[in-house]
Amino acid sequence: GQALLGRATAQFAQGALVETRESLERSLELLRQAGDHYFALFCSIFLGRIKLLMGDIAAGLDDYRAVLETSRTLDLRIGIAIGLEYFGEVAIWARDVARAVRLSAAADRLKEELGGGVPPRMGGALEPLVVGRNELSPAEFDREVAAGRAMDLDSAIAEALATKAPDSLPSPAGPLPPAASP
């Protein structure tokens, strides 16, 4: 399973989304059979991202929800942190940057408590705190960071699960979708 996860990473770097999805689906099957919850978590979040980028928004969000719910059940806090960050990217795509900042700040606090973690850019995701600093006023950014850092796990998960689905997504390497006209 882990070897297929590595293959999927290389396929994604080459822009081969269909092949990436196939490798991830097989990898996830093998990882679950082996009871490897840790790598299955990374595979699941990656598979959800691929589904989103391929336009299957509902299925991608279902995978993200499952990562959060499974991580909470197993008390895999790194999985919760990753899920919060990836829902933060979805919030950016849905033009809810304040929510994205709160989710990312909560994830950062969790990762600090754990002694570190992988930044979202490693999986090709947007970094909500970087986007937030650019999109929000300094006062609003600081307020949302403080709110996110103060969230308990259940509140942060509920905030993530309440993220609205975006109307559209950028191409894998594309820009944010344009803001809706008034």
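For the structure itself, consult the block above.
Residues numbered from 1 in each chain as written. Predicted model: local features only at pLDDT ≥ 70, side-chain atom pairs only at ≥ 80, totals over all residues. Heavy atoms only, no water.

1. With respect to the overall build of the protein
Broken down by element type, the protein carries nine helices and zero strands. N-terminal to C-terminal, the α/β element order of the protein is α-α-α-α-α-α-α-α-α. Radius of gyration (C-alpha) of the protein: 16 Å, near the 16 Å computed for a compact globule of 182 residues. C-alpha atoms of the protein, sized along the principal axes, occupy 45 × 35 × 25 Å. Here the protein holds 182 residues, and 48% of them are scored as buried. (Helix = DSSP H or I, 4+ residues; strand = E, 2+ residues; numbered from the N terminus. Rg over C-alpha atoms; globule rule 2.2 N^0.38 Å. Buried < 20%, exposed > 50% of the residue type's maximum accessible area, 1.4 Å probe, protein only.)

2. Considerations on unusual backbone geometry
For D75, which is not glycine, the phi torsion reads 55 degrees and is therefore positive. One non-glycine residue, R95, lies in positive phi territory at about 65 degrees. Overall, the relative accessible area of 38% leaves R95 in the partly exposed class.

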